[in-house]
Amino acid sequence: MKKTWDSGCSFTFGQSLATTSQTTASTFPYPIVVDSKDKTTSIIKETEPTPSVSLQELLLTPGQPTADVNKSKRQQGRLGGVNRKLRYLASRAPLFSSRAESNFDSPWRNMEWTEERKTSLMEMISSYRPSCEDVAQARVLLLGPVGSGKSSFISSVQSVFNGRVTNRAMVGSFASSFTKKLQTFSIRHQKRGDVTGLVLCDMMGLTTEGMSGLTLHDILSVIKGHVPEGHKFSPDQPVSSSETVGYVKRPSLQDKIHCVAFVVDASKVMTNATGLSITFKKLREHISDLGVHQVVLLTHVDQICSETAKDATNVYKSRIIQDMMKKTADLLGMSTSYIVPVKNYSSELDVDVNTDVLILSAVDHILQYADLYFQDSTPKNTGSKLDL
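Before going into details, it helps to say that this report is about the structure given with it. (Residues numbered from 1 in each chain as written. Predicted model: local features only at pLDDT ≥ 70, side-chain atom pairs only at ≥ 80, totals over all residues. Heavy atoms only, no water.)

1. So, the overall build of the chain
When you go through the chain residue by residue, the secondary structure sums to 10 helices and 9 strands. Among the 388 residues that make up the chain, the fraction classed as buried is 49%. Long-range contacts, defined as pairs at least 24 residues apart, comprise 73% of the intrachain contacts of the chain with a sequence gap of at least 6. Split by element, the accessible area of the chain, about 18,500 Å² in all, is 49% carbon and sulfur. (Helix = DSSP H or I, 4+ residues; strand = E, 2+ residues; numbered from the N terminus. Buried < 20%, exposed > 50% of the residue type's maximum accessible area, 1.4 Å probe, protein only. Contact = heavy atoms within 4.5 Å. Areas by Shrake-Rupley, 256 points an atom, 1.4 Å probe, with all protein chains shown as cover.)

2. Here we look at the sheet that holds strand S6 (residues 195–202)
Pairing is mixed across the open sheet formed by 6 strands, whose spatial order is S5-S6-S4-S7-S8-S9. Looking at the sheet topology across the chains shown, the edges are occupied by strand S5 (183–188) and strand S9 (339–341). Taking the axes of each pair of neighbouring strands and ignoring which way they run, one obtains an average angle of 25° across the sheet. (Pairing = 2+ DSSP bridges. Axes fitted to C-alpha atoms, helices over the stretch in contact; angles between N-to-C directions.)

3. Re the pairing of strand S4 (residues 138–143)
When you tally the buried positions in S4, you get 6 out of 6 residues, the bulk of the element. Burial along S4 is two-sided: Ala138, Val140 and Leu142 and Arg139, Leu141 and Leu143, pointing in opposite directions, are all buried. Sheet topology places S4 next to S6; 5 bridges connect them, and they run parallel. Across the sheet, Leu142 pairs through a bridge with Asp202, a residue of S6. As paired strands, S4 and strand S7 (residues 259–265) are joined by 4 bridges and run parallel to one another. Bridge pairing links Leu142 to Ala261 in S7.

4. Regarding the nonpolar core
One finds Phe153 and Leu297 to be the most contacted residues of the largest nonpolar core, which totals 84 residues. When residues no more than four places from it in sequence are discounted, the contact partners of Leu297 are Leu142, Phe153, Ala261, Phe262, Val263, Val264, Val340, Val342, Ala362 and Ile366. (Core = buried A, V, L, I, M, F, W, Y, C linked by side-chain atoms within 4.5 Å.)

5. Observations regarding the environment of Thr184
Note that Thr184 resides in strand S5. Exposure remark for Thr184: the relative accessible area of 27% places this residue in the partly exposed category. Among all residues touching Thr184, those that are not within four sequence positions of it are Arg139, Val199, Leu200, Cys201 and Glu229. In this structure the side chain of Thr184 is engaged in a polar contact, spanning 2.7 Å, whose partner is the side chain of Glu229. (Polar contact = N/O pair within 3.5 Å; in protein donor to acceptor, adjacent residues only side chain to side chain.)

6. Some details on the pattern of salt bridges
Overall, the coordinates contain 3 salt bridges when judged by the stated rule. Lys118 is the partner of Asp356 in a salt bridge, and the nearest nitrogen-oxygen pair spans 2.8 Å. Residue Asp356 is located in helix H10 (residues 353–381), and its partner Lys118 is located in helix H4 (residues 115–127); the two are separated by 238 residues in the primary sequence. Across the salt bridge formed by Lys310 and Glu307, the nearest N and O atoms sit 3.7 Å from each other. Taken together, the residues Lys310 and Glu307, both in helix H8 (residues 306–310) and 3 residues apart, mark about one turn of the helix. (Salt bridge = Lys/Arg side-chain N within 4 Å of Asp/Glu carboxyl O.)

7. Here we look at the side chain of Asp218
Among the structural elements, Asp218 can be located in helix H6 (residues 216–224). The buried charged residue Asp218 lacks any salt bridge partner; its closest oppositely charged side chain belongs to Lys224, at an N-O distance of 11 Å. In contact with Asp218, other than residues within four places in its own chain, are Val227, Phe233, Ser234, Pro238 and Val239. (Lys, Arg positive; Asp, Glu negative; His and termini not counted.)

8. A look at the environment of Met270
With respect to the helices, strands and loops of the structure, Met270 is situated in the loop between S7 and helix H7 (274–289). Note: C-alpha distance between Met270 and Thr328 (58 residues apart in sequence) is 8.9 Å. If we ignore the near neighbours within four places in the chain, the residues touching Met270 are Met324 and Lys327.

9. Observations concerning H6
Counting buried positions along H6 yields 7 of 9 residues, so the element is predominantly enclosed. Where H6 is concerned, the buried positions are Leu216, Asp218, Ile219, Leu220, Ser221, Val222 and Ile223. Looking at the buried side of H6, the elements it contacts are S4, S7 and H7. Positive phi appears at Gly225, one or two residues downstream of H6, with a value of about 95°.

10. Quick notes on the side chain of Lys118
Taking relative accessible area as the criterion, Lys118 reaches 12% and is therefore assigned buried. In this view, Lys118 contacts Val160, Val353, Asp356, Val357 and Leu360; residues no more than four positions away in its chain are not counted.

11. A closer look at the packing of H7 against helix H9 (residues 319–332)
Remark: H7 packs on H9, axes separated minimally by 7 Å, with the N-to-C direction vectors making an angle of 70°. When the axis of H7 is compared with that of H9, the two are roughly perpendicular. Touching Ser277, Phe280, Lys281 and Arg284 of H7 are Asp330, Leu331 and Leu332, all from H9. Among the residues forming the contact of H7 with H9, the class breakdown is 3 nonpolar, 1 polar and 3 charged. (Parallel < 35°, antiparallel > 145°, perpendicular 65-115°, else oblique. Nonpolar A, V, L, I, M, F, W, Y, C, P; charged D, E, K, R; others polar.)

12. A closer look at the packing of aromatic side chains
With the rule as written, the count across this model stands at 4 aromatic pairs. The interplanar angle of 90° and the centroid separation of 5.1 Å between the aromatic rings of Trp108 and Tyr316 together place this pair among those described as edge-to-face. Here the residue Trp108 occupies a position in the loop between helix H3 (98–101) and H4, and Tyr316 occupies one in the loop between H8 and H9, the gap between them amounting to 208 residues. Look at Trp108 and you get partly exposed, because its relative accessible area is 23%. Plain terms: the ring middles of Tyr373 and Phe374 are 5.8 Å apart, the flat faces sit at 80° to each other, and that makes the pair edge-to-face. Judged by relative accessible area, which is 0%, Phe374 ranks as buried. Between Arg319 and the ring centre of Phe104, over which it is positioned, the NZ or CZ distance is 4.2 Å. (Phe/Tyr/Trp six-rings, centres within 6.5 Å; stacked < 30°, edge-to-face > 60°. Lys NZ or Arg CZ within 6 Å of the ring centre and 35° of its normal.)

Structure representation (structure tokens):
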């Protein structure tokens, strides 16, 4: 007699559970079958797969499987082993069902994935100059949690212009922020040798508890242009005109931040603490009061969508990424139109045209909002230095 329950797991026909430790799929569309006669566990692959559920839904939903696990102590032991195996797989699998991982037939945002498009974006970014004559470069501050990919994005942008993967911004993998100082990176075009009209600014990362190590005052001081290059942040010594070496008392428009890019790790959106969401929204409120526009870079999208990991052109067909963008919008309290997905270079040694297009499109998105700052500020601030 065979007992069957829908596990939400996916195996090939006849595969033993003893071999499932190599399985990386997050959901399984075929039912597990326990044969009480020959004491084996196998999988029956039907013509039409049964509706799949995630392993987490299976393990966290009240109630027992349809198999009668009380038949004998031997059966209970065997089924207990199955459950332990499922729990092990659940701990290693992403929190998405197979239905969520499937792609749309057509993209929900249009993108041209060609070498010509890459060249066009590089030309636009290389030739970009702020619309304000008093400013030579647009300064963009990357702000986000520790490990969200701020430094990796800077290195990825420079890699595109270098034609090879480089790690110009020091990238760490520590629990605490690897970046302690305010650092600025001018993006250079390798072939031309000239500097573009874009400066990316990196600073200490936020923690899951919020602005631990950073204060709201410090962040706003950077945006206002008071903090000098190389300043090392300390929670015990906030930025001040009397204590901070090199403090800029009367910053010019060139000293200020012209756009803030929040950097959010797509693989951690669901686990971000409530305190971090409150921090983001508080930051947005104060930054908006300064007239600085904000965008969002949703990084590590290749970690939540295996198809995008294989091919970046799938990013705007992915249901998971679309859903995560909506959740990110809720986290920060802003529209999805401000959010762009990003796949940084990490383990690669060579650049890829599709990944390049995705990264360059994110930079183009940032520059559009940076220029809005100049359009809003130039008529009122031309030739002046404001003390904010």
